[in-house]
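The residues making up each chain are set out below.
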Amino acid sequence: MSEEDDIVLSELPDDELVQQMHDDLYDGLADEILEAVNILLERKWEPYKILTEALVEGMRIVGIDFRDGILFVPEVLLAANAMKGGMKILKPLLAETGAPRLGKMVIGTVKGDIHDIGQNLVTMMMEGAGFEVMNIGINNPVENYVDALKEFDADILGMSALLTTTMPYMKVVIDTMKDLGIRDDYVILVGGAPLNEEFGKAIGADAYCRDAAVAVETAKEFMGRKHNQLSA
Ligand code: B1M
């Protein structure tokens, strides 16, 4: 029997249980995360406290190790999946208690491009960090982005492209938004393996995001600035 098998989650005090949840998220153990979330709810933890201290903090650690090349895509997908399970329980409860949301993002892969693993990862990490995300999938013409931004009342547009032949379409989207007079209503973040910072600047995006962890940090930074401007 492994050491893991000996751990009875319900017998752990709160601080050790939360620490164990960070480890279980890291290991992508979905059932354990579900059980632990329910235990904390039974112990009268606020859903928002569970989200931030147990799940988001756990995913923050996963995000750092992913960025640093210690964890790889399959492990991060497992962690994100475990996180999603926990989020599913908390989501309706959070809506009831009105926990603060960090902001809303529409994300999708551009027209002509069907790669979606990266943007799904960004979606999960953003949701894990407390953003609401509308993922519009793959192969999106500009109209899809514009419609979704309005429908979702988004703060941020995220675009993904994995092909050198499809990445220029991001400029088409941004230029169309300029023509429609809505460019400055949104923070525009772009990502995908063939892009770089220079390309992001050249097409008029607000930032290029190297990976999902950077996307979360960049989105938080921009939303922080927006809130400061509004309260000034
Ligand atoms: Co494609 N493919 N593929 N492929 N594929 C690449 C991209 C390629 C580099 C492979 C190669 O030749 N070495 C190459 C592109 C070459 C180029 O353009 N210079 C290529 C090609 C050529 C093609 C086809 C044309 C092949 C063919 O049919 N002849 C075809 C294109 C189809 C199309 O889109 N129209 C094609 C098809 C496919 C599959 C369907 C088989 C599959 C996609 C499955 C899917 O996505 N559901 C596939 C895959 C898996 C890949 C590789 C192997 C892996 C891509 C991936 O998922 N990476 C890829 C080679 C490679 O990149 N090593 C390749 C993992 C993912 C987590 O990383 O997407 O970069 P990534 O996302 C990161 C960051 O970039 C960033 O965060 C993510 C997480 O950290 N990020 C964002 C991404 N989007 C963001 C958005 C943001 C922020 C950050 O907004 C805020």
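Counting of residues starts from 1 at the beginning of each chain's written sequence and follows it residue by residue. Residues qualify for local features only when their pLDDT is at least 70, as the model is predicted, and side-chain atom pairs are given and counted only at 80 or more; totals for whole chains, interfaces and linings, by contrast, use all residues. Neither water nor hydrogens contribute to the side-chain values; these are computed over all heavy atoms in the structure.

Considerations on the coordination of the cobalt atom of the ligand
Looking at the cobalt atom of the ligand, one finds just one donor atom contributed by the protein, H115 (NE2), at 2.2 Å. Positionally, H115 belongs in the loop between β1 (104–109) and α6 (117–129). In this analysis a donor is any N, O or S atom within 2.8 Å of a metal ion (3.2 Å for sodium, potassium and calcium), and since water is not included, sites may seem incomplete. Only runs of H or I of at least four residues qualify as helices and only runs of E of at least two qualify as strands under DSSP, and these elements are numbered from the N terminus.

Observations concerning the pairing of strand β4 (residues 187–191)
In the case of a regular strand, side chains alternate between the two sheet surfaces. Burial classes follow relative accessibility: with a 1.4 Å probe on protein chains only, a residue under 20% of its type's maximum area counts as buried, one over 50% as exposed, and anything between as partly exposed. Buried residues dominate β4, accounting for five of its five residues. Alternating positions in β4 separate into two faces, V187, L189 and G191 on one and I188 and V190 on the other, with burial throughout. Here five bridges tie strand β3 (residues 156–160) to β4, and the two strands are oriented parallel to one another. Counterpart to L157 in the pairing with β4 is I188. Regarding the hand of the β-α-β motif, the stretch spanning β3, helix α8 (residues 169–179) and β4 is right-handed. When DSSP finds two or more bridges between two strands, those strands count as paired. The sheet contact formed by β4 and strand β5 (residues 207–209) spans three bridges and is parallel. When the bridges of β5 are listed, G191 appears paired with C209. With strands facing away from the observer, any crossover in which the path from the first strand over the helix to the second runs clockwise is taken as right-handed.

Comments concerning the side chain of T218
Summarising the element assignment, T218 is placed in helix α10 (residues 212–231). Note on T218: relative accessible area 11%, which makes it buried. Polar contact criterion, stated in full: a pair of N or O atoms within 3.5 Å, where within protein one must be able to donate a hydrogen and the other to accept it, and residues adjacent in sequence count only if both atoms are side-chain atoms. Engagement of the side chain of T218 in a polar contact is seen with the backbone oxygen of V214, the distance being 2.6 Å.

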